[in-house]
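# Fold and contact review
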Amino acid sequence: MAITYNNLYLDLRQQFREAGIEAAALEARELLCHVTGKNQEQLLADMYYYMSSDVERKVRSLAARRLEGEPVAYLVGEWSFCGIDLEVDPNVLIPRVDTEVVAEQAIARTREVPGQARVMDLCAGSGCIGLAVATYAKNSRVVLGDLSDEAVNLCQRNLRRCGKRSTVTCFPVDATKAPPAQFGRFHVIVSNPPYIPTGDIPTLDASVRNYEPHMALDGGADGLDFYRAISREWKKALRPGGWLIYEVGIGQAEQVMAIMEGEGFLSLASYPDTAGIPRVVEGRLADTDEKQESPQS
């Protein structure tokens, strides 16, 4: 029997709610838009039209995979971040709202730079943070770096998708090692590194544990390995007075600030995400003639 877009949407929303999916309405709509090729406005306009049995079958097939735990972003192959639609796949983490707070801080620091600002997005994944900076800080020139070749290839596709080929470049790079000399120095380095303690990975939600890349999650025994390495090695790639900005996990802000303080960073501060959890930590490299300041949070 034929079914309307609206009735299928309501059916999926109910199934997702019963399965405990928080954004049930959003995800049901995303699946419908993906299969039909309609944007949200077109879908709303066509809600009371009947769909073909083939479209219904494809939507229900994807919905079944979602109910088994597969993230909707991987099912549809794209996700929105800071108002930018980006391609995503299982080789990279799905961009999250919490990370938008990190991007906003990087954008703000980049805009403070007089003239052109060089920005590095380290452990870039999909390139979401760096591409947000390139989009909203018009004075920026951005480098996206990741150890994963698949992630670098995805960054390349996303910078083309965003029309940023003239202001953004991508390179394979190991964040735990000294930066290549040819990179030069940056005004801002921003990073959302792996920060889940190794022992905590088996306890993560199944949609993360079973589908998102462990390479982008595992931060070592205490979750802090990348913060130690980046703070030590990549300060060499910062200009005097330049900013290092991190996303951190729950309960890690003070520890990360202590690591940065030990490496000589100044003006240390943390900022909360939308849930009030400290999510961003930043510090500034001293100017050449600047004396050590006391950190503040």
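Below: a short report on this structure.

Criteria and thresholds
Residues numbered from 1 in each chain as written. Predicted model: local features only at pLDDT ≥ 70, side-chain atom pairs only at ≥ 80, totals over all residues. Heavy atoms only, no water. Helix = DSSP H or I, 4+ residues; strand = E, 2+ residues; numbered from the N terminus. Rg over C-alpha atoms; globule rule 2.2 N^0.38 Å. Buried < 20%, exposed > 50% of the residue type's maximum accessible area, 1.4 Å probe, protein only. Axes fitted to C-alpha atoms, helices over the stretch in contact; angles between N-to-C directions. Parallel < 35°, antiparallel > 145°, perpendicular 65-115°, else oblique. Left-handed = near helix turned anticlockwise from the far one by under 90°. Contact = heavy atoms within 4.5 Å. Nonpolar A, V, L, I, M, F, W, Y, C, P; charged D, E, K, R; others polar. Pairing = 2+ DSSP bridges.

### With respect to the overall build of the protein
Across its full length, the protein carries 11 helices and 9 strands. The C-alpha atoms of the protein give a radius of gyration of 21 Å, which matches the 19 Å a tight globule of 297 residues would have. For the protein, the C-alpha atoms occupy an extent of roughly 75 × 40 × 30 Å along the three principal directions. By residue count, 52% of the 297 residues in the protein fall in the buried class.

### Focus on the packing of helix 10 (residues 225–233) against helix 11 (residues 253–262)
Axis separation between helix 10 and helix 11 bottoms out at 9 Å; the angle between their running directions is 25 degrees. Put simply, helix 10 runs roughly parallel to helix 11. Both helix 10 and helix 11 take part in a crossing whose hand is right-handed. Residues Tyr227, Arg228 and Ser231 of helix 10 form the contact with helix 11, whose own contacting residues are Val256, Ile259 and Met260. Partitioned by chemical class, the residues of the contact of helix 10 with helix 11 number 4 nonpolar, 1 polar and 1 charged.

### Comments concerning the pairing of strand 2 (residues 84–87)
In strand 2, alternate side chains face the same way, and those of Ile84 and Leu86 are buried while those of Asp85 and Glu87 on the opposite face are not. Here strand 1 (residues 78–81) pairs with strand 2 via 4 bridges, running antiparallel. Looking at the pairing, Phe81 lines up with Ile84 of strand 2.

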